[in-house]
Amino acid sequence: MSESGVPDVTQELRLPWDDDPEDLYEHAPCGYLTTLPDGTVVRVNETFLTWTGYSRADLIGHKRFRDLLTPGDQIYHETHYAPLLQMQGEVHEIALEVVCPDRRRLPTLVNSVLERGPTGSPRIIRTMVFNATERRSYEKELLHARRAAESSEQRLQVLQQIVADLAAAPTVAEVAEVVVRAPEPAFQAASTSIYLVNAERDQLEAVTSTDPTTGNWDDMPRSSSRAVAEVARRGDLHVVGTLAEAEEHFPDLAESMRRSERRSVVLLPLTTGPSDGEDGPVVLGVLAFSFREERALTDSETGMIRLLGQQAGQALDRARLYDEARQRERWSSFLADVTRALDEEHRLLQRARRLVERVAGEIADWAMVRLQVGPAGLVEYHGGPAPDQARLDARTAEAIETAAPVFAADGDGLGCTVLPLTVRGDVLGTLAVRMIPDPRGGEAEHGFLTDLADRAALALENSRLYEQERAIARTLQRSLLADAVPGSDPRFAMETHYQAAAQDMEVGGDWYDAFLITANKLAVVVGDVVGRGIEAATTMGQLRSAIRALASAENGPARLLEGLDRFCERVESARMATVVYAEVDLLSSEVAYACAGHLPPLLHEPAGSPQYLMQARSAPIGSRAGDRRRAEHRMRLAAGSRLLFYTDGLIERRGRAIDRGFEILAREYARLRDAPLKGLTAGLADTLVGKDHGDDVCMLCLTLGTEDRLERSIGADPLQIALLRADMRGWLAGHRVDTDCLNAVLLACSEAVANAIEHGYREDPFGVVDVAATISAGTVEIRVTDRGGWRGPGSDTARGRGLQLIYESMDEVVFDRGHQGTTVTMRRHREDDR
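Predicted model only: the values in this text are computed from it and were never measured. (Residues numbered from 1 in each chain as written. Predicted model: local features only at pLDDT ≥ 70, side-chain atom pairs only at ≥ 80, totals over all residues. Heavy atoms only, no water.)

Some remarks on the sheet that holds strand S30 (residues 812–818)
For step 1, the next point in the chain: With antiparallel pairing, 5 strands are arranged side by side in an open sheet as S27-S28-S29-S31-S30. Both outer strands of the open sheet, strand S27 (709–715) and S30, are each paired with one neighbouring strand and no more. Here the strands of the sheet are splayed against their neighbours by 15° on average, with no regard to which way each runs.
For step 2, the next point in the chain: Pairing between strand S28 (residues 768–775) and strand S29 (residues 779–786): 6 bridges, direction antiparallel. If you follow Ile-775 over to S29, its bridge partner there is Val-780.
For step 3, the next point in the chain: Sheet strands in contact with helix H20 (residues 720–734) are S27, S28 and S29, and its direction is about 175° off that of S27. (Pairing = 2+ DSSP bridges. Helix = DSSP H or I, 4+ residues; strand = E, 2+ residues; numbered from the N terminus. Axes fitted to C-alpha atoms, helices over the stretch in contact; angles between N-to-C directions. Contact = heavy atoms within 4.5 Å.)

Structural data, given as structure tokens:
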């Protein structure tokens with residue numbers, strides 16, 4: 001009994017080894033081996049023999065323990081197990097594999113103890129062996145599961161990165177690049193290719209590949225029997241696990257697999273959700289990737305591959321929408337830019353040229369406009385090389401005949417789209433375009449080209465109509481301007497100039513007129529009608545006719561303007577026109593003038609500076625505001641006075657005060673006071689306006705009476721001799737010089753001035769020749785002065801004939817050569833004195 005009174009059962013227990021220790025050793029749940037220090041087996045229990053299949057006779061005295069191990073474990077025994085046992089005296093849980101007689105391998109865990117003798121030398125080794133077969137299997141399962149989990153995690157990380165990359169890829173091309181590189185890190189694929197569906201062309205287009213040499217890398221119709229097309233039609237994942245399977249179902253795929261040394265292929269449709277009218281997912285493309293060895297996919301891998309197809313399909317769908325929106329934006333921007341560019345040009349030829357330059361420079365590699373205008377038509381092209389002309393002509397004829405676009409088609413041998421330029425049902429011409437290849441073309445591109453043709457047709461037609469209207473208006477305007485102002489009367493001389501605005505501007509309403517009211521009264525008028533174009537030119541003609549009808553010897557300028565005010569009540573387009581009107585009494589040299597909103601005339605008398613005539617000013621004709629009272633001013637002019645009438649285009653400039661314009665005109669007019677009247681107005685226009693001015697310029701310069709003394713200065717330019725000669729002819733005629741004397745003086749003066757220019761200013765193109773002419777009762781005297789090195793008589797000159805003409809034409813010729821130049825004085829007696 002125990003102290004607590006409970007029976008002590010431990011006294012009744014019998015230990016197993018108390019009964020039979022040998023049986024316990026032989027049949028223990030582990031193997032026992034006893035070996036000598038060199039490993040020779042000297043004892044082994046039955047358990048070890050049962051596990052391995054050896055007999056005692058096979059082991060005891062014949063085998064060393066390391067002889068029972070695999071070659072790898074034998075090396076481990078020599079390098080690790082035995083040295084550790086010698087150093088530590090024991091080793092524990094060493095995993096070794098025992099090779100059984102039937103070559104089967106038995107996984108074991110070994111514990112060994114080295115017993116030493118009294119002297120410390122090794123005596124025996126006792127080894128306990130545990131059967132680790134189930135443990136090893138369990139460990140393998142754990143290791144396999146771990147590796148599978150790691151592989152799955154790795155694929156998941158790769159897939160997450162792919163999804164992130166897809167989210168950051170806005171375009172189809174960028175999405176395709178991301179997708180085609182996914183299978184290699186995710187599934188250890190050897191190569192990958194991607195095909196995208198072009199629904200409009202009903203085909204699969206090869207987009208990109210990591211190794212294009214591994215397959216049939218080209219486009220194909222969706223109805224093709226090839227494996228990629230079959231998967232695109234079916235819309236489901238297909239795995240070709242072996243070459244034999246490929247040979248059975250897809251011979252073309254088998255051939256490419258043999259050529260590229262591939263053993264398994266995965267064909268993955270890239271799908272997105274069903275669209276309108278679709279029952280199932282929409283296939284946007286096919287991803288094909290292959291392996292060098294036969295590959296059986298796990299369920300996990302299959303699921304991830306399907307997920308990849310869905311993610312890629314959604315990214316493609318989004319990218320296509322983005323690409324389409326961006327393309328539409330580019331096209332819209334291009335259409336707007338082209339429209340603005342065409343608006344900058346007003347002439348038909350320039351517009352046609354600008355159109356083909358923009359089209360061929362940005363969206364096409366060649367473009368041509370052909371217009372059916374004029375007898376020869378108009379053709380402009382840009383880019384190159386040009387397509388086959390015969391085929392192009394045939395397609396152009398078809399487009400004109402049907403009045404419908406003829407679009408380029410794959411394999412048509414031409415590659416050009418021909419678009420009719422149609423306006424209000426009439427075909428103006430054609431626009432031929434060879435577009436830069438774009439797989440995103442199709443219906444959207446056709447719509448864009450049609451819109452481009454419509455805009456181009458309207459712009460070209462407007463330009464054609466503009467040129468037609470401009471030509472009509474210009475013809476009308478020039479026909480209404482005084483073709484030949486009075487000029488045969490020696491009591492006055494007149495010079496006119498009309499300069500239209502820059503060539504691409506509309507015709508303006510500037511005009512001038514001069515006519516004799518009576519034999520001794522001259523009327524001069526310069527005006528400017530509001531507006532441009534045909535209407536302005538027509539109004540100008542009506543005003544011109546009205547002024548001629550209202551002008552009379554009794555009315556005077558003020559009453560004429562009042563009549564024009566009444567005229568505006570019937571012709572509304574004439575309202576607010578500006579007019580300066582003057583009447584000149586040729587007997588008394590008295591001028592009466594009035595300004596209706598027009599710029600003041602500029603008067604330059606023989607003595608003094610130019611002055612603006614600021615009197616008799618009132619509002620434009622037909623004005624409902626301002627000073628409507630019409631007044632006139634009268635003044636007597638000295639003989640030789642020059643009176644300039646002009647329109648606002650001569651002096652008005654944007655960004656400059658009009659007073660500054662007045663100053664510049666007065667200065668230039670004063671500088672040209674001694675210039676011949678012929679060409680004076682044109683010279684003023686060249687200096688003040690130039691050729692590219694944006695407004696019309698109209699001028700009329702009137703010289704009244706005949707000067708007692710003619711003084712002119714011309715530049716060292718032979719072309720100005722004709723202007724001087726015309727001015728002097730009028731002056732001589734005004735003084736009633738007889739014809740023979742007049743012609744002789746003109747010849748001599750011209751030759752003298754020519755010599756002064758040629759020799760006096762041989763090396764000075766900016767020299768000036770002064771000419772002075774006086775008339776007495778019986779003599780005409782001409783003096784020509786230069787400041788250069790003119791050659792006189794007796795010199796070796798090529799113009800010896802010219803000097804001879806001077807001597808023969810004039811009665812007296814005197815040369816005065818000095819350091820400051822040369823003066824030639826020539827006199828000719830009038831006919832009565834000869």
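Topic: helix H14 (residues 389–402)
For step 1, the next point in the chain: Under the 1.5 Å per step criterion, the end-to-end length of H14 is 20 Å for 14 residues, consistent within 8% with the ideal 20 Å.
For step 2, the next point in the chain: Considered for burial, the residues of H14 that qualify are Leu-392, Arg-395, Thr-396 and Ala-399. One side of H14 holds all its buried residues, which, seen down the axis, span an arc of 105°. Every exposed residue of H14 that faces more than 90 degrees away from the buried side is listed here: Ala-390, Ala-394 and Glu-401.
For step 3, the next point in the chain: Two or three places before Ala-390, at the opening of H14, Asp-388 has a side-chain oxygen 3.4 Å from that residue's backbone nitrogen.
For step 4, the next point in the chain: Once H14 ends, the next one or two residues include Ala-403, with phi positive near 55°. (Expected span 1.5 Å × (residues − 1). Buried < 20%, exposed > 50% of the residue type's maximum accessible area, 1.4 Å probe, protein only. Arc of directions from axis to C-beta. Polar contact = N/O pair within 3.5 Å; in protein donor to acceptor, adjacent residues only side chain to side chain.)

Considering the sheet that holds strand S16 (residues 492–499)
For step 1, the next point in the chain: Taken in spatial order, the 5 strands make up an open sheet running S16-S26-S25-S21-S22, and their pairing is antiparallel. Across the chains shown, the open sheet's two edge strands, defined by having one partner strand only, are S16 and strand S22 (611–612).
For step 2, the next point in the chain: Looking at chain direction, strand S25 (residues 641–646) and strand S26 (residues 697–704) are connected through 6 bridges and run antiparallel. Bridge pairing links Leu-643 to Leu-702 in S26.
For step 3, the next point in the chain: The sheet contacts of helix H19 (residues 680–688) involve S16, S25 and S26, and relative to S16 the element is tilted by about 35°.

Re unusual backbone geometry
For step 1, the next point in the chain: Note that the residue after Gly-384, namely Pro-385, is joined by a cis bond; omega there is -5°.
For step 2, the next point in the chain: The residue Pro-385 is located in the loop between strand S13 (378–383) and H14 in this model.
For step 3, the next point in the chain: The backbone phi angle of Glu-93 is positive, close to 50°, even though this residue is not glycine.
For step 4, the next point in the chain: Looking at the element boundaries, Glu-93 is found in strand S3 (residues 90–99).
For step 5, the next point in the chain: Given a relative accessible area of 55%, Glu-93 falls into the exposed group.
For step 6, the next point in the chain: Although it is not a glycine, Ala-616 sits at a positive phi angle of roughly 55°.
For step 7, the next point in the chain: Assignment of secondary structure puts Ala-616 in the loop between S22 and strand S23 (617–618).

Considering the environment of Thr-34
For step 1, the next point in the chain: Tracing the backbone through its elements, the reader meets Thr-34 in strand S1 (residues 31–35).
For step 2, the next point in the chain: By relative accessible area, which is 10% here, Thr-34 ends up buried.
For step 3, the next point in the chain: Not counting residues up to four positions away in its chain, the partners in contact with Thr-34 are Tyr-25, Thr-40, Val-41, Val-42, Arg-43, Ile-124, Ile-125 and Arg-126.

Comments concerning the side chain of Arg-351
For step 1, the next point in the chain: Examined against the element boundaries, Arg-351 turns out to sit in helix H13 (residues 348–362).
For step 2, the next point in the chain: A polar contact is formed between the side chain of Arg-351 and the backbone oxygen of Glu-345, at a distance of 2.4 Å.
For step 3, the next point in the chain: If we ignore the near neighbours within four places in the chain, the residues touching Arg-351 are Leu-342, Asp-343, Glu-345, His-346, Ala-459, Leu-460, Asn-462 and Ser-463.

Some details on the packing of aromatic side chains
For step 1, the next point in the chain: All chains considered together, the criterion is met by 8 aromatic pairs.
For step 2, the next point in the chain: Taken together, a centroid distance of 6.0 Å and an interplanar angle of 10° make the contact between Phe-187 and Phe-289 stacked. With Phe-187 in helix H8 (residues 183–187) and Phe-289 in strand S11 (residues 282–291), this pair connects stretches of sequence that are 102 residues apart.
For step 3, the next point in the chain: Taking relative accessible area as the criterion, Phe-187 reaches 3% and is therefore assigned buried.
For step 4, the next point in the chain: Residue Phe-289 is classed as buried on the basis of its relative accessible area, which comes to 1%.
For step 5, the next point in the chain: Directly above the ring of Tyr-25 sits Arg-43, whose terminal nitrogen or CZ lies 4.0 Å from the centroid. (Phe/Tyr/Trp six-rings, centres within 6.5 Å; stacked < 30°, edge-to-face > 60°. Lys NZ or Arg CZ within 6 Å of the ring centre and 35° of its normal.)

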